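# Secondary and tertiary structure notes
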Amino acid sequence: MATHSNVLAWRIPWAEEPERLQSMGSQRVRHEISFVEMSSRKSKSSNLIQADYVSQVQRILRERFCHQSPHGNLFGVQVQYKHLIELLKRTAIHGESNSVLIIGPRGSGKTMLINHALKELMEVEGVSENILQVHLNGLLQINDKIALKEITRQLNLENVVGDKVFGSFAENLSFLLEALKKGDRTSSCPVIFILDEFDLFAHHKNQTLLYNLLDISQSAQTPVVIIGLTCRLDILELLEKRVKSRFSHRQIHLMNSFSFPQYLKIFKEQLSLPSIFPEKIFAEKWNENVQSLSEDRSVKEVLQKHFNVSKNLRSLHMLLMLALNRVTPSHPFITAADLMEANQLCSMDSKGNIVHGLSVLEICLIIAMKHLNDIYEEEPFNFQMVYNEFQKFVQRKAHSVYNFEKPVVMKFVGTYCPLLSLPSNYILKRNYSLNST
Amino acid sequence: MAYCSARLRTRQTCSWVGRPLLDQKLHYQTYKEISVKREGYSTEIHIQVGQFVLIEGDDDENPYIAKVVELFEDASELYSKKRARVQWFIRFCEVPICKQHLLDRKPDTQEIFWYDNPTCDNNISVETIIGCVRVVALAPDEVMPIDLKNEKTFFVKLSWNKKKFKPLPPEVLAQLDKLQEDNHRYQKSMEAKTKSAESPSWTTTEHAVKRIESRHSTSKSRHTASHPVTPRARKRLELSNLGFPRTPNTRISQATSCASLDSPGRMKRKVAFSEIMSPSKRSLPDGSQTSSPALKTPEKTRDIQHSCTKDARKTSPDHGMILRTRVPALKATETSEERILTPTSRGRKSSVVPSVILKPEYIKRREGKEPEVRDEAPSTSRIRRKSSILTLNRIRQQLRFLGNSKSDQDDEEFLPAAEISDSDSEEEEASTTPLPRRTPNSMSRNLRSSMKSSLQTPSKTPKKTPQPRTPRDATPQIRSRNLPAQEPTNMLEEARLRLHVSAVPESLPCREQEFQDIYNFVESKLLDHTGGCMYISGVPGTGKTATVHEVICCLQQAAQANEVPPFQYIEVNGMKLTEPHQVYVQILQKLTGKRATANHAAELLAKRFRTQASSQETTVVLVDELDLLWTQKQDVMYNLFDWPTHKGARLVVLTIANTMDLPERIMMNRVSSRLGLTRMCFQPYTHSQLQQILLSRLRHVKAFEDDAVQLAARKVAALSGDARRCLDICRRATEICEFSCQKPGCPGLVTTAHLLEAIDEMFSSSYITAIKNSSILEQSFLRAILAEFRRSGLEEATFQQVYIQHVALCRMEGLPYPTMSETMAVCSRLGACRLLLVEPSRNDVLLRVRLNISQDDVLYALKEE
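Each chain carries its own residue numbering, running from 1 in the written order of its sequence. Going through the entries in the order they are written, you letter the chains from A and number the ligands from 1. The predicted nature of this model means local features are confined to residues of pLDDT at least 70 and side-chain atom pairs, given and counted, to a pLDDT of 80 or more, with totals for whole chains, interfaces and linings taken over all residues. The side-chain figures draw on all heavy atoms in the structure; neither hydrogens nor water molecules are used.

Per an unreviewed UniProt entry, chain B is named Origin recognition complex subunit 1, and its organism is Ovis aries.

With an unreviewed UniProt entry as reference, chain A is termed Origin recognition complex subunit 4, source organism Ovis aries.

Only DSSP runs of H or I reaching four residues or more are called helices, and only runs of E reaching two or more are called strands; each is numbered from the N terminus. Looking only at helices and strands, one finds 21 helices and seven strands in chain A. Think of it in three bands: with a 1.4 Å probe and only protein chains considered, a residue is buried below 20% of the maximum accessible area for its type, exposed above 50%, and partly exposed in between. Here chain A holds 437 residues, and the buried ones make up 50% of them. Of the roughly 21,100 Å² of accessible surface on chain A, a fraction of 56% belongs to carbon and sulfur atoms. Accessible areas in this description were obtained via Shrake-Rupley with a 1.4 Å probe; residue shielding takes into account the shown protein chains only.

Assigned secondary structure in chain B consists of 32 helices and 22 strands. Split into buried and exposed, the 865 residues of chain B put 53% on the buried side. When the accessible surface of chain B is totalled, it reaches about 40,100 Å², and 54% of it is carbon and sulfur.

Further remarks concern the packing of aromatic side chains. For Phe, Tyr and Trp, where Trp contributes only its six-membered ring, two rings pair if their centres lie within 6.5 Å, and the inter-plane angle classes them as stacked under 30 degrees, edge-to-face over 60, or tilted in between. Tallied over the full model, the rule gives 14 aromatic pairs over all chains. Ring geometry for A:Phe282 versus A:Phe333: centroids 5.6 Å apart, planes at 25 degrees, classification stacked. In this pair, A:Phe282 sits in helix α12 (residues 280-295) while A:Phe333 sits in the loop between α14 (313-324) and α15 (336-346), placing the two residues 51 residues apart along the sequence. On the basis of relative accessible area, A:Phe282 is assigned to the buried category, the value being 5%. Taken together, a centroid distance of 6.1 Å and an interplanar angle of 35 degrees make the contact between B:Phe781 and B:Phe799 tilted. Taken together, the residues span a long stretch of sequence, with B:Phe781 in helix α29 (residues 776-792) and B:Phe799 in helix α30 (residues 799-813) at a distance of 18 residues. The pair formed by B:Phe781 and B:Phe799 is uniform in burial state, with each residue classed as buried. Linked through ring pairs, A:Tyr53, A:Phe277, A:Phe282, A:Trp286 and A:Phe333 together constitute an aromatic cluster. The rule for a charge over a ring is simple: NZ of Lys or CZ of Arg within 6 Å of the ring centre, and within 35 degrees of the ring normal. The ring of B:Tyr685 has B:Arg511 lying over it, and the distance from NZ or CZ to the ring centre is 4.3 Å.

Before going further, it helps to spend a moment on the interface of chain B and chain A. Across the contact, 79 residues belong to chain B and 97 residues belong to chain A. Summed over both partners, the accessible area (1.4 Å probe) lost when two parts come together is defined as the buried area. Note on chain B versus chain A: buried area summed over both sides is about 7,300 Å², and carbon and sulfur give 52% of it. Summed over the three residues of chain B that lose the most area to chain A, namely B:Ile478, B:Arg481 and B:Met575, the buried surface amounts to 11% of that side. Mapped onto the side of chain B that touches chain A, the elements with two or more residues apiece are α16 (491-499), α19 (582-592), α26 (723-740), α27 (752-763), α28 (767-772), α29 and α31 (820-832) of chain B. Of the residues in the side of chain B that touches chain A, the class split is 30 nonpolar, 25 polar and 24 charged. Here a residue-residue contact requires only that any non-hydrogen atoms of the pair lie within 4.5 Å. Residues are sorted three ways: Asp, Glu, Lys and Arg are charged, Ala, Val, Leu, Ile, Met, Phe, Trp, Tyr, Cys and Pro are nonpolar, and all the rest, Gly among them, are polar.

All right, on to the pairing of strand β6 (residues 224-230) of chain A then. Residue and element names in this part refer to chain A. Taken across its seven residues, β6 has seven buried, putting it largely inside the fold. Burial along β6 is two-sided: Val224, Ile226, Gly228 and Thr230 and Val225, Ile227 and Leu229, pointing in opposite directions, are all buried. Two strands qualify as a pair provided that DSSP identifies no fewer than 2 bridges between them. Pairing of strand β1 (residues 98-103) with β6 involves six bridges; the strand directions are parallel. By the bridge assignment, Ser99 is partnered in β6 with Ile226. In the sheet, strand β5 (residues 191-196) pairs with β6 via five bridges, with the strands oriented parallel. Looking at the pairing, Ile192 lines up with Val225 of β6.

Once that is clear, we can look at α27(B). Any helix carries an expected span of 1.5 Å times its number of residues minus one. Spanning twelve residues, α27(B) covers 16 Å between terminal C-alpha atoms, matching the ideal 16 Å at 1.5 Å per step. All buried positions along α27(B) are accounted for by B:His754, B:Leu755, B:Ala758, B:Ile759 and B:Met762. Down the axis, α27(B) shows its buried residues gathered within 135 degrees of arc, on one side only. Buried residues in α27(B) make contact with β7 (250-253) of chain A together with α25 (706-719) and α26 of chain B. Note: the arc covers the axis-to-C-beta directions of the helix.

Take the sheet that holds β6(A) next. Residue and element names in this part refer to chain A. In spatial order, the strands read β2-β5-β6-β1-β7; together these five strands make up an open sheet with parallel pairing. Unpaired on one side and paired on the other, β2 (132-137) and β7 mark the two borders of the sheet. Within the sheet, the average angular offset between the axes of one strand and its neighbour, ignoring direction, is 15 degrees. Here six bridges tie β2 to β5, and the two strands are oriented parallel to one another. Paired with Leu132 across the bridge in β5 is Val191. Between N-to-C directions, angles cover 0 to 180 degrees, with each direction set by a line fitted to C-alpha atoms, over the stretch in contact for helices. Packing against the sheet, helix α3 (residues 78-94) makes contact with β1, β5, β6 and β7, and its axis sits at approximately 140 degrees to β7.

Let us now look at the pattern of salt bridges. All names here are of chain A. The working definition used for a salt bridge is a side-chain nitrogen of Lys or Arg within 4 Å of a carboxyl oxygen of Asp or Glu. What the rule picks out here adds up to 37 salt bridges over all chains. Where Arg246 meets Asp215, a salt bridge forms, and the shortest distance between an N and an O atom there is 2.8 Å. Here Arg246 is found in helix α10 (residues 241-246), whereas its partner Asp215 is found in helix α8 (residues 208-217), with 31 residues between them in sequence. With relative accessibility at 13%, the residue Asp215 sits in the buried group.

For α26(B), spanning 18 residues, the distance from its first C-alpha to its last is 26 Å, which sits close to the expected 26 Å at 1.5 Å a residue. Polar contacts here mean pairs of N or O atoms no more than 3.5 Å apart (in protein, one a potential hydrogen donor and the other a potential acceptor; neighbouring residues in sequence count only if both atoms are side-chain atoms). For α26(B), the N-terminal cap is B:Asp722; the gap from its side-chain oxygen to the backbone nitrogen of B:Arg724 is 2.9 Å.

Residue and element names in this part refer to chain B. A sheet is described by the order of its strands in space; here five strands give the open sequence β16-β17-β18-β15-β19, paired in parallel fashion. Single-partner strands in this sheet number two, and they are β16 (567-573) and β19 (679-682). Each strand of the sheet is rotated relative to its neighbour by a mean of 15 degrees, with strand direction disregarded. As paired elements, β16 and strand β17 (residues 618-624) share seven bridges and run parallel to each other. Bridging across to β17, Tyr569 finds its partner in Val620. Against the sheet, α19 engages β16 and β17, with an angle of about 150 degrees to β16.

Next comes the structure, spelled out in structure tokens:
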């Protein structure tokens, strides 16, 4: 388009020419236009195709990084996976009640593991229509009352009307317990309870919900399997003794127990395009690029650094996501520089950056605070003290710093009030002022 | 029944009627009759031997029913010397729920059962008698008379002996029939007396004649007290009356609205009648006569029924009018002669009729007689008649407008409430025509009626509209599976199934002593018909609940075999309640099937257990997780332990909790004193006991090596003695065995190695593996913490201090400089896993950090590399 308009602009003087010239010129122009159009269509189409591929790649990879899709691969948790899937199958097929906790730090793939297992379970013949799932999250179901209603709703018991559950808390509880009590091993549908953020359920009053669920899992009622997901290693200490006694003490630990070479492999796998990608040539190129990236020394350095800070895959995903965002049609492949940039973004020091952007007055104020802090040994101080300190500083260096009125200073302090209100933040500022000046 | 309960609250004075007959043997003075007088009521009830009476029970709605066998004075009783010996009848709702299914048909609402239980205490105080009631004995194959739905009439068909329903023994039936006859005679005479006693109250109300309200209320009191309205009309009235006590004027107005269906010609005829005819005398026999075919002819044909309805409809306005006209009659102070006569004849008719089974021709004869009777009936002042005709015409027009001029009973039910009240007010207007002041009255009346209509409508609507919203009768049920669950295929699966905690063994090994103790306790209470409490404690997983369940199971079997008296068993669990007071609701629901709020349930239960409820069997209540029932006032525990101490409560309470010294620790003295000293403590299982439990479960399955079983038992016994743990470990070991087995299909035995692995998996702390698997920065942060602790000598440090150490450590180890943000993220990650205990991160660099595990553990974990 740009060339085209240029041509037009160029043509304008000719407009005033006599007719002959005009016709000559118009002929020439027409010729030129057609030429330009041809070439632009060619480049445009190739550009377009490229852009299309890139957007497709971005879509696929972003989905992989952001969603815990059960289609991806699991890394280093094969044993745990096997344990879990066997457990689920025994409940689904044999009607055996169980309870299990999946414990691992944040980002270690607990939810992914359970999603994978459920997906595989559903693929087993005759299981998907014979099983009920209840998903609860400790952050959503903040008390037993809400949790009970949610369970009833998800089980779609008979006191559910439309999407609502009626009745009081006590009624709901007795109704649900009665419902679960009626079932037996062989004839009723097994229920899979998945309690995300299990530790938050342990904070509910009397742990009524946990007691009842675990009690069902330990008695001859409707077969249930209770799967708790938590990142707290001390979860068993949170349970009351009678609740704890009813829990089967099965724990599946996810510990990110992989070494750096494995991490590198994960990196490669996470970036590679699947074989079903429509454009084979582009996918091949992309995968080649990823392969070469994983052998690149600087990339390895970046990854090592990242690995040292945190081993979980979520942070790796974050890094790759930032790198992926730099990919454009004109820059279709990830380079080592992209990764380095992304790493820098990841490990950026947020508070340092704030100090970098402060005005002269603010810097002066912070230095004043630092002085105070040194003098009074971490004692808290008030605005008047800071202002006095600032005044002293101005008097010493009157030529370089403009003396601001007190209300102005007050206002500046006020803008940073959220940061400055706590004594700890004064100290924090001190550290940064040391670093940056 | 509001009437009954209102009576309940008033005090009664009883006095003997007639001369005492001295019982030679018992040294009692027996009587034939007693009169019960209530404060605030001028009525007196005469109760004679052989009559059926209602007796105050734990439920106001359903008082007990019994037959008076003997009336006597007992000086040995402290409070009430006047006693009565009764033969109990039992309502269906009093039959224990678990036994209710034994009656395979649906019981009639008015059906009661002859209570055939000689052990039941039949000596009651006369003061508990509420009033008389009619009981009709029916042969087993006789149909329940449908139309006799009087609240005060009951039918007895079967007897109940706590085990099963049986037809009434012939001699009992004969006796009952005879009694019935007697009864009627009594009732007649008695009602006559009642009426005469009532008459003074009539004269008092007389002064308020001008006030329509009072006039109607008197008419009501008469209306409801003794006089059975034509059943049809009555039924209709009740339908619109459900759940809302309506004032009589609406009843009358409804009756009038029925009358409006009649032809004007008839009305005219009525008008033509003179006033001389005594209205009450003539019309009432008519009413009861017409009612009679409807009362006792279930096999009647459609047209007869129709005519009956019609008759009822025709007569009902007369009732209304009579009630109105009676006031002037009273005013004229005509002596009681006639008035006594009237109710008497009425009473005779209504009480005799049901026992007579009418033949069709008889009915026809009646019908033939009908018109003349009817013609005689109406007799009121002419003026009022005219105005009422006007009103009725108007109403009829309205009805025609609705398109149901020939309306049936159903249509009348659907009469819009507003219209009823409208006709009501107009009717009243008409009735007040003789009075000169018309306008102010009608004004106020209109107001009243509009108020009434607004009150009526809500009471009506919920009855009519089905309620789709709140599913009251929803059955709690989980969907059943299409595919049956697979049965175990190999030895290990079989073993796993048997090892599951839920698998109930045939007997509980190693708890024989405890079993025997509890069994003896409950059995003795059952046999003695007394109550008591027992407190059972023990750490979790020692078989407390299982043992009690087994005891109850055995006792139930014994009760089946008639070795112990039958009893009712109720189980509540403190953990399965949302709130301690809900325990009342649960107990009441399991006991009687009724739902109530916590407070009401507590009252009902207290009434049940505190009063001498004689016709009850013993109740055994198991309260699991007792400590959860603790409240500030401890009223729940107090009540639970207090009820069994009452005489005749027949309540056995077994309580289970984890802590041995719960009574001393959390209970007030008065509560723990009532709990008593019957305590039992379940000790944790020893290793040999655990081994025995395992072996008993694995008796026929060869899946474990002997050493493995012993290892599991010893390990668990050393840790907690929790049988659940032991079973879980073994179950996990079978899984590991199966998993590690090379050849699928024929797994070997579970060895000690498998078991050790399972134990390791369940009991090993995961902190060390977590540290080993954490990232390098996390590990160095932990080191920095250790260094800082060592430096300061404290077990706590601020983040800032640790950060300085951390920076120094990183420099030493050649790691890149850790920024503050990174370090903070590391710190919060470790905090989330609870390797560290940290304050909320809003405190920023000043947040305090602590280790959640010992320093040695951290060192050990970090040294490994």
